[in-house]
Amino acid sequence: MLVLKRLKIVFLFVALLGSVSSFAQVQAPAPAPAENISDAELQQFAEAYMGIQMKNQEAQQAMTTTIKDHGIALDRFNEIQQASMDPNKEVDASEDELAKHKAAIADLEKLQPKFQSQMETVITDTGLSIERYQAVASSVQASKELQQKLQGIMVKMQQG
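Only a predicted model underlies this, so the values are computations on that prediction, with no experimental measurement involved. (Residues numbered from 1 in each chain as written. Predicted model: local features only at pLDDT ≥ 70, side-chain atom pairs only at ≥ 80, totals over all residues. Heavy atoms only, no water.)

1. Regarding the overall build of the protein
In terms of helices and strands, the protein carries seven helices and zero strands. In sequence order, the protein lays out its α and β elements as α-α-α-α-α-α-α. When each of the 160 residues of the protein is scored for burial, the buried share is 38%. Surface summary for the protein: the accessible area is close to 9,300 Å², and the carbon and sulfur share equals 51%. (Helix = DSSP H or I, 4+ residues; strand = E, 2+ residues; numbered from the N terminus. Buried < 20%, exposed > 50% of the residue type's maximum accessible area, 1.4 Å probe, protein only. Areas by Shrake-Rupley, 256 points an atom, 1.4 Å probe, with all protein chains shown as cover.)

2. What to know about the confidence of the model for the protein
Of all residues in the protein, 78% have pLDDT values of 70 or greater, and the mean over the chain is 83. Here residues 1-27 scores under 50 on pLDDT; set against residues more than four positions off or in separate chains, the count is 52 contacts. (pLDDT = per-residue confidence, 0-100. Contact = heavy atoms within 4.5 Å.)

3. Digging into the packing of helix 3 (residues 39-69) against helix 5 (residues 95-125)
One can describe the packing of helix 3 onto helix 5 by two numbers: an axis separation of 10 Å at closest approach and a directional angle of 165°. On the basis of their axis angle, the class for helix 3 and helix 5 is roughly antiparallel. When the axes of helix 3 and helix 5 are compared, the crossing they make is right-handed. Mapping the contact onto sequence places Ala48, Gly51, Ile52, Lys55, Asn56, Ala59, Ala62, Met63, Thr66 and Ile67 in helix 3 and Ala104, Asp107, Leu108, Leu111, Phe115, Gln118, Met119, Val122 and Ile123 in helix 5. Of the residues contributing to the contact of helix 3 with helix 5, the split by class is 13 nonpolar, four polar and two charged. (Axes fitted to C-alpha atoms, helices over the stretch in contact; angles between N-to-C directions. Parallel < 35°, antiparallel > 145°, perpendicular 65-115°, else oblique. Left-handed = near helix turned anticlockwise from the far one by under 90°. Nonpolar A, V, L, I, M, F, W, Y, C, P; charged D, E, K, R; others polar.)

4. Thoughts on the environment of Gln81
Its location among the elements puts Gln81 in helix 4 (residues 74-85). What makes Gln81 buried here is its relative accessible area of 5%. Considering only alpha carbons, one finds Gln81 and His101, 20 residues apart in sequence, at a separation of 7.9 Å.

5. Describing helix 5
Between its first and last C-alpha, helix 5 extends 45 Å over 31 residues, near the 45 Å set by a 1.5 Å rise per residue. Of all the bends in helix 5, the greatest reaches close to 30° and is centred on Leu111; the proline Pro113 follows between one and four positions later. Among all positions in helix 5, only His101, Ala104, Ile105, Leu108, Glu109, Phe115, Gln116, Met119, Val122 and Ile123 are buried. At the exit of helix 5 stands Gly127, carrying a positive phi of roughly 100°. (Expected span 1.5 Å × (residues − 1). Bend = angle between axes of the 7 residues up to and from the residue.)

6. Here we look at the nonpolar core
Core analysis: the biggest nonpolar cluster contains 32 residues, and Leu42, Phe45, Phe77, Ile123, Tyr133, Val140 and Leu150 have the highest contact counts within it. Taken together, the elements giving at least two residues each to this core come down to helix 3, helix 4, helix 5, helix 6 (130-142) and helix 7 (144-159). Considering each element in turn, this core owes the most residues, 10 residues, to helix 3. Sequence-distant contacts of Leu42, defined by excluding residues within four places in its chain, comprise Ile37, Val136, Val140, Leu146, Lys149, Leu150 and Ile153. (Core = buried A, V, L, I, M, F, W, Y, C linked by side-chain atoms within 4.5 Å.)

7. A short note on the packing of aromatic side chains
Under the counting rule described, the total for this entry stands at two aromatic pairs. Ring centres 6.3 Å apart and planes at 15° place the aromatic pair Phe45 and Tyr49 in the stacked group. Here Phe45 and its partner Tyr49 are both found in helix 3, four residues apart, which amounts to about one turn of the helix. A residue is classified by how much of its surface remains accessible, and Phe45, at 0% relative accessible area, is buried. Between the aromatic rings of Phe45 and Tyr133, the centroid separation amounts to 4.6 Å while the plane-to-plane angle is 25°, which identifies the pairing as stacked. Note that Phe45 is positioned in helix 3 and Tyr133 in helix 6, a separation of 88 residues in sequence. What links up through ring pairs into an aromatic cluster is the set Phe45, Tyr49 and Tyr133. (Phe/Tyr/Trp six-rings, centres within 6.5 Å; stacked < 30°, edge-to-face > 60°.)

Dropping the structure here:
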């Protein structure tokens, strides 16, 4: 059961990293008031956020490859995973599918620390601590003003 809970966290972590709120949910500190976030910090946050999105795509590709390498289709893996995480559902899978699913899960769990470390490095390389990144993420999520500023910064970054 602990393995399923940890795997659920892994999948949620990777799946949710595409949104600003995702990384903030890991250990969500209280949001910093919008006025306590400098333009420089917001720039650092934007850089980290975009870097995390790139690492998230790499992680998703690696996870997809790992699952397929175990001889199970991604859709089928997801069906089995969702059913196994729902106590009210019975897992409708053959012994072979369950064995492949279990082996894929084991390999995915081995990959998770690498993904976590890479994403933390992306954040700290911008000059933000993990905690500050999370606080800024919470503030951005709560403030339309910060969302607009962040969007402007990201548009400029993408335009070069």
